[in-house]
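# Report on the structure
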Amino acid sequence: MARMRRETIAIHGGYKTDPTTKSAVVPIYQTAAYEFDSAEHGAALFNLEAEGFRYTRINNPTTDVLEKRVAALEGGVGALCVGSGQAALHFSVLNLTSQGDNLVSVPQLYGTTHTLFAHILPRFGIEVRFAQSDKPEDIERLINSSTKGVFCESVGNPAGNICDIEALAVVAHRHGVPLLVDNTVATPILLRPFEYGADVVIHSLTKFLGGHGTTMGGAVIDSGRFPWREHAERFAVFTQPDRSYHDMIYVDHYGASAYIERCRSVFQRTMGSVLSPLSSFLLLQGIETVALRIERHVENAQRVAQFLRDDARVQWVNYVGFADNPYHALAQKYLGGRACSLLTFGVRGGFSAGTRCFDALKLVKRLVNLGDARSLACHPASTTHRQMSPAEQEKAGVKPEMIRLSIGIEHSDDIIADLDQALAAAEAGGHP
Ligand SMILES: Cc1ncc(COP(=O)(O)O)c(C=O)c1O
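Residues numbered from 1 in each chain as written. Predicted model: local features only at pLDDT ≥ 70, side-chain atom pairs only at ≥ 80, totals over all residues. Heavy atoms only, no water.

### A look at the overall build of the protein chain
Rules: Helix numbers and strand numbers start at the N terminus; a helix is a DSSP run of H or I with at least 4 residues, a strand a run of E with at least 2. The globule rule used for comparison is 2.2 Å times the number of residues to the exponent 0.38, while the radius of gyration itself is calculated over C-alpha atoms. Here the term buried applies to any residue with accessible area under 20% of the maximum for its type, exposed to any over 50%, and partly exposed to those in between, with areas from a 1.4 Å probe on protein chains only. Residue contacts are counted whenever heavy atoms from the two residues lie within 4.5 Å of one another. For accessible areas, the Shrake-Rupley method is used with a probe of radius 1.4 Å. Any residue's cover is judged against the shown protein chains and nothing else.
The secondary structure content of the protein chain amounts to 17 helices and 12 strands. Against the globule reference of 22 Å for 432 residues, the protein chain gives a C-alpha radius of gyration of 22 Å, in line with a compact fold. If you line up the protein chain on its principal axes, its C-alpha atoms span 75 × 55 × 35 Å. Across the 432 residues of the protein chain, 57% fall into the buried class. Taking the intrachain contacts of the protein chain between residues at least 6 apart in sequence as the baseline, contacts between residues at least 24 apart amount to 72%. Accessible surface computed for the protein chain: about 18,000 Å², of which carbon and sulfur atoms make up 52%.

### Looking at the site of the ligand
The cut-off we apply is this: Working definition: residue near molecule or strand if any one of its non-hydrogen atoms lies within 4 Å of it. Each polar contact in these results corresponds to two N or O atoms within 3.5 Å; when the atoms are within protein, one needs to be able to donate a hydrogen and the other to accept it, and residues that are neighboring in sequence are counted only if both atoms are side-chain atoms. Throughout this entry, Asp, Glu, Lys and Arg are counted as charged residues, while Ala, Val, Leu, Ile, Met, Phe, Trp, Tyr, Cys and Pro are counted as nonpolar. The remaining residues, Gly among them, count as polar.
Neighbouring residues of the ligand: 15 residues in total, closest Asn157, Asp182, Ser204, Thr206 and Lys207. The separation between an oxygen atom of the ligand and a polar side-chain atom of Asn157 is 2.8 Å. Between an oxygen atom of the ligand and a side-chain N or O atom of Thr206, the distance comes to 2.7 Å. Starting from 390 Å² of accessible surface for the ligand in isolation, the protein chains cover 94%. Per-element accounting of the shell around the ligand gives the leading share, three residues, to helix H4 (residues 85-94). When its residues are assigned to classes, the shell around the ligand shows four nonpolar, eight polar and three charged.

### Re the sheet that holds strand S12 (residues 403-406)
Backbone-to-backbone hydrogen bonds join strands into a sheet, with any given pair of strands oriented parallel or antiparallel. As a reminder of what qualifies: Strand pairing is assigned whenever DSSP detects at least two bridges linking the two strands.
Pairing within the open sheet is mixed, and its five strands lie in the order S8-S9-S12-S11-S10. With one partner strand each, in any of the chains shown, strand S8 (314-318) and strand S10 (365-366) form the two edges of the open sheet. Both strand S11 (residues 376-378) and S12 contribute to a ladder of three bridges, which runs antiparallel. In the strand pairing of S12, Cys378 is matched with Arg404.

### Brief notes about the domain arrangement of the protein chain
Inclusion rule: Bear in mind that the domain bounds are from an automatic or database domain assignment. Note on definitions: buried area is the accessible-area loss of two parts on being combined, 1.4 Å probe, summed for both. For salt bridges, the criterion is a side-chain nitrogen of Lys or Arg within 4 Å of an Asp or Glu carboxyl oxygen.
You can read the domains of the protein chain as domain 1 (6-286) and domain 2 (292-428). Here the C-alpha centroids of domain 1 and domain 2 sit 29 Å apart. Taken together, the contact between domain 1 and domain 2 spans 40 residues of the former and 36 residues of the latter. Between domain 1 and domain 2, roughly 3,100 Å² of surface is buried when both sides are summed, and carbon and sulfur atoms account for 60% of that area. Put simply, domain 1 and domain 2 have one salt bridge between them. The tally of links between domain 1 and domain 2 comes to 16 residue pairs in polar contact (both at pLDDT 80 or more). If you list the elements that add at least two residues to the side of domain 1 that touches domain 2, you get helix H5 (111-120), helix H7 (165-174) and helix H8 (187-190). In the side of domain 1 that touches domain 2, the residues fall into 20 nonpolar, 16 polar and four charged.

### A look at the side chain of Ser257
Following the sequence through the fold, Ser257 ends up in the loop between helix H10 (250-254) and helix H11 (258-271). Residue Ser257 is classed as buried on the basis of its relative accessible area, which comes to 18%. Excluding residues that lie within four positions of it along the chain, Ser257 makes contacts with Val77 and Asp222.

### Focus: a nonpolar patch on the surface
What counts is decided by this rule: Residues with no salt bridge and a relative accessible area higher than 30% make up the patches, which join like charges within 9 Å and nonpolar side chains (Val, Leu, Ile, Met, Phe, Trp, Tyr) within 5 Å.
Taken together, Ile28, Leu278 and Leu282 make up a surface patch of nonpolar side chains, about 230 Å² in accessible area. Structurally, the position occupied by Ile28 is in the loop between helix H1 (6-12) and helix H2 (39-46).

### Structural notes on unusual backbone geometry
Each neighbour pair has its own omega, and for Asn157 with Pro158 the value is 5°, a cis peptide bond. For Pro158, the location among the structural elements is in the loop between strand S4 (147-153) and H7. Positive phi outside glycine occurs at Leu48, with the angle close to 65°.

### Focus on the packing of aromatic side chains
Aromatic ring pairs are described here by two measures, namely the spacing of the ring centres and the angle between the planes. We count it as follows: Classification of ring pairs rests on two measures: the distance between centres of Phe, Tyr or Trp rings, Trp counted by its six-membered ring, which must be within 6.5 Å, and the angle between planes, read as stacked under 30 degrees, edge-to-face over 60 and tilted in between. We count a charge as sitting over a ring when the NZ of a lysine or the CZ of an arginine lies within 6 Å of the ring centre and within 35 degrees of the ring normal.
A full pass over the atoms with the stated rule returns 14 aromatic pairs. Here Trp228 and Phe235 contribute two aromatic rings whose centre-to-centre distance is 5.0 Å and whose plane-to-plane angle is 80°, an arrangement assigned as edge-to-face. Just as Trp228 is buried, Phe235 falls in that class too. Looking at Lys148, its charged tip hangs above the ring of Phe235, at a distance of 5.9 Å from the centre. It is Arg309 that lies over the ring of Phe322; its NZ or CZ is 4.1 Å from the centre.

Structural data, given as structure tokens:
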């Protein structure tokens, strides 16, 4: 399966026909727990000597298929699926850091990730050092002996910047730390960060992978390639006995899957951000069509971006598909010349004209999600990035008048017609 194309993995990955029912589609195992044959069998499961399921907080057969499918799509050795993208981000960092450690991050982040990094983790003694920019030299400057990882979004939300993953991986590895990449906006259909040296990938499954705006979920995926043993002192959590789990040494027991299985055994087990089996099922349904949907998302976004750019009522459009975009060359390299369907623009007339345009949208929905089949619009400065100071917003690429669009898979003529009438309403000056 790992050798198959992404379109095929998206439909078949991780599922062997259910032996009891022969169900063609992944069944929903709506159960909290699983019977043991005997005390000895239960102990073997808890000792991780026997394969199987114990309790749905730790693993579940429906979620297991989702984990295998997402891991295969990214080309990783294993995944942990949890209740939201935020939980996945939180666990991915906790799995590397303890009090006194730090993480070095690019500044262009989704707003709640910024809040987690700037305000929540520091309360537990974990510092996040924000670089001046996403340039590898700015990141390298901040790495010290307490650094446990480097973090970026492959395509920043909403800045639209594209990180030079290969160069960031070189910098991280030169200092003996892994590179963590939030690949939510790009999806493994457009970009697989492990192919460029990343070590951990994080997803909000709520977005393009689920694709229908129905279901929350998150995933942490392990490349299986980071050499924890070579950096045994810095990463003793993987190489020394774990007193919280009967002295397990993760690299000995799990080999290449040490990172992801520790994430499950320690954080999912004790903090329990569980994805319900029904949600796993719904996310699997979405993933089946992700490759086709992304094609249409990309095509539609290109037409919408061009319409906005050609329109005198629009002041600026940030879209990496344009040859003069500063990230165009990186889009050629990492997105195969395509551009994601997330783009931002500013209406001529500043904040108030932007608000009038936003309020006049009829087809395009005003909300804070992205990656839905429907076209969506959001005003980051007043919603997703509201907790940031104006200076932090500027560093994260958020402008006061900026409208973020997540272009859906409707007919592009209809999306453009809606934007056209909203721009006309903005220009007319009144509220609808
Ligand atoms: C890039 C990115 N990462 C993570 C998240 C968080 O995901 P969730 O909303 O599933 O918790 C979001 C949500 O918008 C996001 O845009």
